[in-house]
Amino acid sequence: MTAPPPETTAGTARAFWIAAPGRGEIRAEPLPAPAPGQVLLRALAGAVSRGTESLVFHGRVPPALAAEMRCPFQAGDFPGPVKYGYSLVARVERGPPALEGRRVFVLHPHQDRAVVPADACRPVPDAVPTDRAVLAANAETALNALWDGAALPGQRITVVGGGVVGCLAAWLAARLPGAEVELVDVEPARASVAARLGVPFREPDGAAGGRDLVLHASGTPEGLATALELAGTEATVVEASWYGDRPVPAPLGAGFHPKRLRLLSSQVGRVAPAQRPRWSPADRLDLALRLLEDPRPDALLDGATGFGELPVAMPRLASGRGLCHLIRYREQEGTECTA
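Counting from 1, residues in each chain are numbered in the order their sequence is written. Whole-chain, interface and lining totals are the exception, using all residues; otherwise, since this is a predicted model, local features are given only for residues with pLDDT of at least 70 and side-chain atom pairs are given and counted only at 80 or more. Only hydrogens and water are removed before side-chain values are computed, so all heavy atoms of the structure are retained for them.

Trainee: Please clarify how the packing of helix α4 (residues 136-148) against helix α5 (residues 164-173) should be interpreted in this entry.
Mentor: Any two packed helices are characterised by the angle at which their axes cross and by the distance between the axes. In the contact formed by α4 and α5, the axes pass within 8 Å of each other and the chain directions differ by 60°. Viewed along their axes, α4 and α5 adopt a mutual orientation that is oblique. Handedness of the crossing formed by α4 with α5: right-handed. Contacts between α4 and α5 involve N138, A139, T141, A142, L143 and L146 from the first element and V164, V165, L168, A169, L172 and A173 from the second. Note that Gly is not counted as nonpolar here; it falls among the polar residues with everything else outside the nonpolar set of Ala, Val, Leu, Ile, Met, Phe, Trp, Tyr, Cys and Pro and the charged set of Asp, Glu, Lys and Arg. Its residues placed into classes, the contact of α4 with α5 shows 10 nonpolar, 2 polar and no charged. To get an axis, fit a line to the C-alpha atoms, keeping to the stretch in contact for a helix; angles then go from 0 to 180 degrees between the N-to-C directions. The helix count covers DSSP runs of H or I at least four residues long, the strand count covers runs of E at least two residues long, and both are numbered beginning at the N terminus. Throughout this description, any angle smaller than 35 degrees is read as roughly parallel, any larger than 145 degrees as roughly antiparallel, any in the 65 to 115 degree range as roughly perpendicular, and the remainder as oblique. Should the near helix be turned anticlockwise from the far one by less than a right angle, the crossing is left-handed, and should it be turned clockwise, the crossing is right-handed. In what follows, residue pairs with any heavy atoms lying within 4.5 Å of each other are defined as contacts.

What follows is the structure, given as structure tokens:
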């Protein structure tokens with residue numbers, strides 16, 4: 001008997017594409033059959049990044065940084081058409097026995113089915129609901145920023161900017177023994193979110209000064225000025241915001257030099273230098289997923305949109321200052337995602 005020919009296709013996938021700055025659409029594309037070492041995924045949930053993804057949607061990626069801004073499994077180029085995104089929780093339909101049937105997190109654009117290498121998938125712990133697992137990429141970013149700042153037990157730590165990354169960084173910092181942590185934001189409404197995370201909240205005028213470590217994540221020049229003002233003598237200020245092509249005035253006069261401040265950047269593309277010899281990006285992402293066994297980050301989930309509605313919803317989502325907005329795929333739309 002002649003062996004049947006190898007399967008070459010797994011059908012069709014639907015993906016969200018930025019067709020041009022400010023305009024998105026759902027496109028169908030052929031899906032290859034998984035090869036050895038690959039998995040076939042069916043998406044359960046995803047998330048829209050209000051920071052980097054907003055810049056991409058509006059076509060504000062500087063050409064000089066286009067290579068650094070590419071995300072895993074991106075298709076197309078900036079400013080468009082481009083398929084972009086990095087938060088997908090999916091179930092493995094076909095793949096190695098150790099993964100088949102399991103929920104995994106993968107840094108992948110918004111797409112209902114996908115074929116990726118098995119080692120790109122990180123298993124979601126059973127104790128982490130699917131909705132909360134979409135925060136893994138942001139939690140990894142916050143973790144890396146704290147590593148970059150060498151956050152320590154007992155420190156007086158302030159996070160300026162109550163977006164998703166800032167809130168997660170404050171939540172993680174507050175778990176350090178003896179740490180005195182404040183979350184600072186200009187929006188009083190962030191106080192209720194901070195309370196659910198177990199972190200004291202302050203508006204800029206009421207924030208404590210003389211801090212050991214300040215992490216800035218507001219994405220605004222005013223927030224950066226606040227961060228520098230709150231830092232104590234010889235303190236570290238970690239800049240975790242991403243500004244795209246916007247010029248950013250940094251107030252490096254006043255107390256910047258007399259206080260001998262240390263201003264450094266943090267970017268999740270590389271593991272923080274102090275950890276890099278021993279930690280891979282996969283190790284860091286696995287830790288972020290384990291940390292999400294704590295239910296408090298559910299405070300950051302601010303609504304859901306069906307995948308098919310993204311072309312209409314994305315202009316609003318990419319322009320607002322909300323927190324983590326869920327994308328629900330067909331299997332999950334209208335339901336609460338659980339393990």
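Trainee: What's the story with empty space enclosed by the protein in this structure? I'm lost.
Mentor: Gaps left between atoms show up when a probe the size of a water molecule is rolled over them. Detection works on a 1 Å grid of protein atoms alone, calling trapped sets that fit a 1.4 Å probe cavities and calling open sets with protein on both sides within 12 Å along at least five of seven lines pockets, with lining residues defined by an atom within 4 Å of a point. Grid points are joined across faces, edges and corners, and a volume is the space filled by probe spheres set on the points. Counting across every chain of the model gives 1 cavity of 30 Å³ or more. What the largest cavity holds in volume is close to 60 Å³. Of all elements in the fold, only β3 (38-48) and α4 reach the threshold of two or more residues within the lining of the largest cavity. By residue class, the composition of the lining of the largest cavity is 6 nonpolar, 3 polar and 1 charged.

Trainee: Which parts of the structure should I look at to understand the sheet that holds strand β14 (residues 231-239)?
Mentor: Strand pairing in a sheet takes place through backbone hydrogen bonds and is either antiparallel or parallel in direction. DSSP calls a pair of strands paired once it identifies at least 2 bridges connecting them. The 6 strands are arranged β12-β11-β10-β13-β14-β15 in an open sheet whose pairing can be described as parallel. Pairing within the sheet leaves two strands with one partner each, and these edge strands are β12 (201-202) and β15 (262-265). Examined bridge by bridge, strand β13 (residues 211-216) and β14 share 5 bridges and lie parallel to one another. Bridging across to β14, L213 finds its partner in T236. Strands in contact with helix α7 (residues 221-230) are β10 (156-160), β11 (180-184), β13, β14 and β15; relative to β14, the strand with the most contacts, it is inclined by about 150°.

Trainee: What is the right way to look at the nonpolar core in this model?
Mentor: When a protein is soluble and globular, its nonpolar side chains tend to lie buried together. Residues grouped as a nonpolar core are buried Ala, Val, Leu, Ile, Met, Phe, Trp, Tyr and Cys residues, joined through side-chain atoms within 4.5 Å. Relative accessibility thresholds used throughout: buried, under 20% of the residue-type maximum; exposed, over 50%; partly exposed, between the two (1.4 Å probe, protein chains only). Of all hydrophobic cores here, the largest spans 88 residues; its most connected members are V39, L41, V56, F105, L215 and L300. Here this core takes 9 residues from α5, the largest share from any one element. The residues touching V39, leaving out its near neighbours within four places in the chain, are P34, V92, R94, G95, P96, L99, A114, V115, V116, A118 and C121. Among the nonpolar cores identified, the runner-up in size contains 14 residues, and A207, A227, L228 and F256 belong to it.

Trainee: When you look at the pairing of strand β7 (residues 103-106) in this model, what are you seeing that I'm missing?
Mentor: Here β7 shows two buried faces, one formed by R103 and F105 and the other by V104 and V106. Direction of pairing for strand β6 (residues 88-94) relative to β7: antiparallel, over a ladder of 4 bridges. Across the sheet, residue V89 finds its bridge partner in β7, namely F105. Across 2 bridges, β7 lies against strand β9 (residues 122-123) in antiparallel orientation. Opposite F105, over in β9, you have R122 as the bridge partner.

Trainee: So what exactly am I meant to see when it comes to the environment of P200 here?
Mentor: With respect to the helices and strands, the residue P200 is situated in the loop between α6 (190-197) and β12. Along the primary structure P200 and V124 are separated by 76 residues, whereas in three dimensions their C-alpha atoms are 30 Å apart. Beyond its immediate sequence surroundings of up to four residues, P200 is in contact with V181, E182 and L183.

Trainee: Got a minute to help me understand the packing of aromatic side chains in this structure?
Mentor: A ring pair, where both rings are aromatic, is described by two values, the distance of the centres and the angle of the planes. The aromatic pairing rule takes the rings of Phe, Tyr and Trp, using the six-membered ring of Trp, and pairs them if the centres are within 6.5 Å, calling planes under 30 degrees apart stacked, those over 60 edge-to-face and the rest tilted. Under the defined criterion, the tally for this structure stands at 4 aromatic pairs. When the ring of Y84 is compared with that of Y86, the centres are 6.2 Å apart and the planes differ by 85°; the resulting orientation is edge-to-face. For the pair Y84 and Y86, a shared accessibility class is recorded, and that class is buried. Taken together, the aromatic side chains of F78, Y84 and Y86 make up a single cluster linked through ring pairs. One residue, R27, lies across the ring of W17, its end atom 4.9 Å from the ring centre. Distance and angle both matter: a charge sits over a ring if NZ of Lys or CZ of Arg is within 6 Å of the ring centre and within 35 degrees of the ring normal.

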